[in-house]
Amino acid sequence: MSDLKTAQFLRATTHQKPTSGVRSWFAWFRPLWQQLCRILLVQPSLQSYLEPLFRLWQPGYRAGWYRVQWLSAERQGQFLLFRCKPSRRWTGFLPGQHLTLMVEINGRAVSRTFSISSSLQQFQQDGSISLCLQIQTAGQLTPYLAGEIANLPPGYISAASGDFVLQQQQQPLLMLAAGSGITPIYAMLSSISRLTQPLTLIYSSRDADPVLATELKQLQEQWPLLQLIFIHSKTSGRLSPEMLVGWVPDVAKRRCYLCGPTGFSQQWQHWLQQQGVPAQAILQESFGLQLTASGKAQPLDIQTQAGRVNTLSQGNLLQSLEQAGLNPRYGCRRGICLQCLCQKQQGQVRNVLTGALSGNGAEMIQLCLTEAVTALQLDLTSQG
Amino acid sequence: MELQSVVDNSTKENLMKTLSQFLSAEQADQLAAELDKLAAKTRASLGETDARYLQRLLAVQRLAAISGRLLLLAGFWSAWWWALGVLLLALAKILDNMEIGHNVLHGQYDWLNHPYLNSRTFEWDIACDAKSWQRTHNFEHHTYTNIIGKDRDFGYGLLRLSDDFRWRLRNLWQFVTYLLLSTLFQWGVSYHELAAQRVFAGRKKADRHSQISDAALKRAFFSKGARQLLKDYLLFPLLAGPLFLQVLLGNLLANLIRNWWTSTVIFCGHFTAEVYTFSAEACEGESRGHWYLRQMLGSSNFTGPRWFHILTGHLSCQIEHHLFPDLPASRYLELAPQVQAIAQRYQIPYHSGSFIRQYGTVLARILRYSLPASARQTPADAAG
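Here's what I pulled together on the structure shown here. (Residues numbered from 1 in each chain as written. Chains lettered and ligands numbered in written order. Predicted model: local features only at pLDDT ≥ 70, side-chain atom pairs only at ≥ 80, totals over all residues. Heavy atoms only, no water.)

## With respect to the interface of chain A and chain B
The interface is formed by 41 residues belonging to chain A together with 46 residues belonging to chain B. The largest per-residue losses of area from chain A upon contact with chain B belong to Leu40, Val42 and Ile336 of chain A, which jointly make up 15% of the total buried on that side. Here chain A and chain B share 0 salt bridges between them. Seen at the junction of chain A and chain B, the total is 9 residue pairs in polar contact (both at pLDDT 80 or more). Where the side of chain A that touches chain B is concerned, the elements lending two or more residues are α1 (2-14), α2 (21-41), α3 (46-57), β4 (108-115), β14 (341-346) and β16 (363-366) of chain A. With 7 residues, α3 of chain A is the single largest residue contributor to the side of chain A that touches chain B. (Contact = heavy atoms within 4.5 Å. Buried area = accessible area lost by both parts, 1.4 Å probe. Salt bridge = Lys/Arg side-chain N within 4 Å of Asp/Glu carboxyl O. Polar contact = N/O pair within 3.5 Å; in protein donor to acceptor, adjacent residues only side chain to side chain. Helix = DSSP H or I, 4+ residues; strand = E, 2+ residues; numbered from the N terminus.)

Below, the structure is given as structure tokens:
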């Protein structure tokens, strides 16, 4: 149900069409309709009630998801670039947004969030989008996506979401990307039809030949105003404030877009604000929770009714949350009753009983039975 | 006569042995290791087949519900159509409550990562709020199975099913109470938690703690109950227009059939002659192995064809269900002979028999404990 809800919410926020009469009537009718489904069908929606029947003759149907048709796959270093065509019902995207890709692996729905790395123009021309995903050797999904295009499992995507989108303003731009943080930035850049202001992109990567570099160089040939700087962090070290000021002396006047690992985005957001860039002129998105050795305390980022809480893991997750002064729901504390079931949004956990490692994506976990292997994002409000 | 003697032998044994007398600490650990291994093996084999089974089951349930509701209308032509409609609707409700609802709410299919077939968001076609049921059933009943005073499912606070309970006058007519409970079973299940918390009447028990307020309990009870009443006795009859009454009666009868069936199946799980009861002190700090042992001693199976097992939600394999409440129930039949073999090796009684026999011992048990121990005169009592 939560997935359906999010999908609807996303559709509502990503739809850029003006509200028509039918639409506002629908907005009024929808809660009533949902209530009717809940009462008459004892299901969250008519779709979910009929899904098992649809699937009798349309086995690929999944309520709340959009089917994609795989068009091509290409490997660039540590990345896989997919071009795929979403079903016609899919509601479109804004450059910079991300979506959730779901495939079913032996019956299990495995999902991961990706930024769309292609332009709006490409979507308008042939209805296709590109997704760029970093190969994670420990990941659940990658091994199944790395094969031949014909052998890929059926893919499903959510509606696109996210506020990290290119805003049309007459102001010089500064974009900082690190690693796979380049994907939403590339979608933004390639969607610009005419560049009338200076734009500096500083792209750090551990690879000598970073992903999407060829495509970026092609863009630079079209636009003289695009200043493109690659940093190979292995040889030339990390991007420093001195280097940045050297390239962009007027940094305070820039509108800034940051995308990279959590530490990277936070560090540069902080520095840019110190340089006098107003907070509303900085847009940032972070990702990536790196796999580290277990047994270590891991940072937990917990969504509660009262807001976000950050703490470190100690022992199993139920204990960790209680140590942090939170009040998670629980029952038997030994894995039987599922009272402590909670939505994990990101990160990896280990089952303390079986030793099994979870995936990195969103799924339900039992707090009393799991310990954090990586940094985690939990949604305690999912406990209801 | 034969049933009587079974009852008497088990009661005597029951009073004599405690968990550690059955199995030493080391034996219990071995038992736990063997059963854990069995569970791990089954868990590793879960996949596509189980996902497909659930979808097929849902399709059958939806088809039964839709055709049942339509046939209720056809009662206009012949009462036989109406009767068939009632049976189909009852079948849909039984499948929804037992093989689907009970099992999904146990988290047996959480590994699918399905948006609405998961223990957190699923709701079922029964008066009981799913969350309330999870607290009393998944937590209390499955953690404290057959511990007198802790597992309120043992007799539901209404029936005296062992001499561990003080005899009261009302126990004299408890067979009638049982018939009423069976008829109103869905409301009994729904009111179960409220009764335990003494929400409306009675003094609160000092040792009961609840993670949810009385107000929230009442809200969930009335809201789910009202939705179900509204659905079966107002909205669907109204949709039938002039056929209001025959649809209403059909729904009522379908609900009754479901109530009788589910209550009968559930009573056969824990109230047969052979099952053991336990005192809270004897289970204090029990090991995982002893917990397993208690589940085996406190549950009983019955036999039948495959379709029969599906109609019971595989609660016909109550022992396997209590050992592995979170493994998909459709696997219990293949686990049963393996569990039985393990039980035999450790000389643990494995209670199983035909449905008729097991139900016979349940009825005998209800009648037997209507009388105080002192007033009972059976050959076994006289001899012992």
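On we go from here.
## A short note on a nonpolar patch on the surface
On the surface, a cluster of nonpolar side chains totalling about 580 Å² of accessible area is made up of Leu169, Leu172, Trp173, Val176, Leu180 and Leu371 of chain B. Tracing the sequence through the fold places Leu172 of chain B in the loop between α6 (130-143) and α7 (174-183). (Patch = residues over 30% accessible without salt bridge, like charges linked within 9 Å, V, L, I, M, F, W, Y side chains within 5 Å. Areas by Shrake-Rupley, 256 points an atom, 1.4 Å probe, with all protein chains shown as cover.)

## Considering helix α8 (residues 185-196) of chain B
Residue and element names in this part refer to chain B. The terminal C-alpha atoms of α8 lie 16 Å apart, and with 12 residues this matches the ideal 16 Å at 1.5 Å per residue to within 8%. Residues Phe185, Gln186, Val189, Ser190, His192, Glu193, Leu194 and Ala196 constitute the buried set of α8. Of the surrounding secondary structure, the elements contacted by the buried residues of α8 are α6, α7, α9 (214-239) and α10 (244-270). Directly after α8, the chain includes Arg198, whose backbone phi takes a positive value near 50°. (Expected span 1.5 Å × (residues − 1). Buried < 20%, exposed > 50% of the residue type's maximum accessible area, 1.4 Å probe, protein only.)

## Focus on a positive patch on the surface
All names here are of chain B. Taken together, the side chains of Arg166, Arg168, Arg170 and Lys205 make up a positively charged region of the molecular surface. Mapped onto the fold, Arg168 is located in the loop between α6 and α7. Overall, Arg168 belongs to the partly exposed group, its relative accessible area being 41%. (Lys, Arg positive; Asp, Glu negative; His and termini not counted. Charge placed at Lys NZ, Arg CZ, Asp CG, Glu CD.)

## Quick word on the pairing of strand β8 (residues 199-205) of chain A
Residues and elements named next belong to chain A. Most of β8 is tucked away: 7 of the 7 residues are buried. Taking every second residue as pointing to the same face, both faces of β8 are buried, with Leu199, Leu201, Tyr203 and Ser205 on one and Thr200, Ile202 and Ser204 on the other. In this sheet, β8 lies alongside strand β7 (residues 173-178) in parallel orientation, the contact comprising 6 bridges. Paired with Leu176 across the two strands is Ile202, which belongs to β8. Chirality of the crossover, the property in question, places the unit of β7, helix α6 (residues 182-191) and β8 among those that are right-handed. (Pairing = 2+ DSSP bridges. Right-handed = clockwise from strand over helix to strand, strands pointing away.)

## With respect to the pairing of strand β2 (residues 79-86) of chain A
Across a regular strand the side chains alternate sides, sitting on one face of the sheet and then on the other. All names here are of chain A. The buried fraction of β2 amounts to 6 of the 8 residues, a majority that puts the element mostly inside the structure. With 8 bridges connecting them, strand β1 (residues 66-76) and β2 associate as antiparallel partners. Its bridge partner lying in β2, Gln76 is registered against Phe79. Linking β1 to β2, which pair antiparallel, is a turn of 2 residues; within it Gly77 sits at a positive phi near 60°.

## Brief notes about the sheet that holds β8 of chain A
All names here are of chain A. Spatially, β9-β8-β7-β10-β11 is the arrangement adopted by the 5 strands of the open sheet, whose pairing is parallel. Where the open sheet ends on each side, the last strands, each with one partner, are β9 (226-232) and β11 (282-287). When strand polarity is set aside, the average angle formed by the axes of neighbouring strands in this sheet is 10°. Against the sheet, α6 engages β7, β8 and β10 (255-261), with an angle of about 145° to β7. Sheet contacts for helix α7 (residues 213-222): β8 and β9; angle to β9, the most-contacted strand, approximately 155°. (Axes fitted to C-alpha atoms, helices over the stretch in contact; angles between N-to-C directions.)

## Let's talk about the nonpolar core
Within soluble globular proteins, side chains that are nonpolar tend to cluster in buried spots. By size, the foremost hydrophobic cluster in this structure holds 45 residues, and its most contacted members are Leu54, Leu57, Phe122, Trp124, Trp261, Phe267 and Phe271 of chain B. Excluding its chain neighbours within four sequence positions, the residues that come into contact with Trp124 of chain B are Val42 of chain A together with Asp96, Asn97, Gly101, His102, Leu105, Asp129, Ala130, Trp133 and Lys224 of chain B. (Core = buried A, V, L, I, M, F, W, Y, C linked by side-chain atoms within 4.5 Å.)

## A closer look at the pattern of salt bridges
Residue and element names in this part refer to chain B. All chains considered together, the criterion is met by 23 salt bridges over all chains. Residues Arg288 and Asp36 are paired through a salt bridge, measuring 3.1 Å at the closest nitrogen-oxygen approach. Pair noted here: Arg288 is in helix α11 (residues 288-297) and Asp36 is in helix α3 (residues 25-44), with a separation of 252 residues, a long-range link. A residue is classified by how much of its surface remains accessible, and Arg288, at 31% relative accessible area, is partly exposed. A salt bridge links Arg135 to Glu193; its shortest N-O distance comes to 2.8 Å. Pair noted here: Arg135 is in helix α6 and Glu193 is in helix α8, with a separation of 58 residues, a long-range link. Here Glu193 falls in the buried class, since its relative accessible area comes to 4%. Shared partners join several salt bridges into a network, and the residues in it are Arg69, Lys93, Asp125, Lys231 and Asp232.

## Quick word on the packing of aromatic side chains
For the coordinates displayed, the defined rule picks out 33 aromatic pairs over all chains. Through a chain of ring-to-ring contacts, three or more aromatic side chains come together here, namely Phe154, Tyr156, Phe175, Tyr178, Phe185, Phe267 and Phe271 of chain B. (Phe/Tyr/Trp six-rings, centres within 6.5 Å; stacked < 30°, edge-to-face > 60°.)

## Here's the deal with the packing of α7 of chain B against helix α15 (residues 355-368) of chain B
Residues and elements named next belong to chain B. Interaxial distance between α7 and α15 falls to 8 Å at its minimum, and their mutual angle equals 130°. Taken as axis vectors, α7 and α15 run oblique relative to one another. α7 and α15 meet at a crossing whose hand is right-handed. Note on element contacts: α15 touches α7 through Tyr359, Leu363, Ile366 and Leu367, opposite Gln174, Phe175 and Tyr178. Its residues assigned to classes, the contact of α7 with α15 shows 6 nonpolar, 1 polar and no charged. (Parallel < 35°, antiparallel > 145°, perpendicular 65-115°, else oblique. Left-handed = near helix turned anticlockwise from the far one by under 90°. Nonpolar A, V, L, I, M, F, W, Y, C, P; charged D, E, K, R; others polar.)

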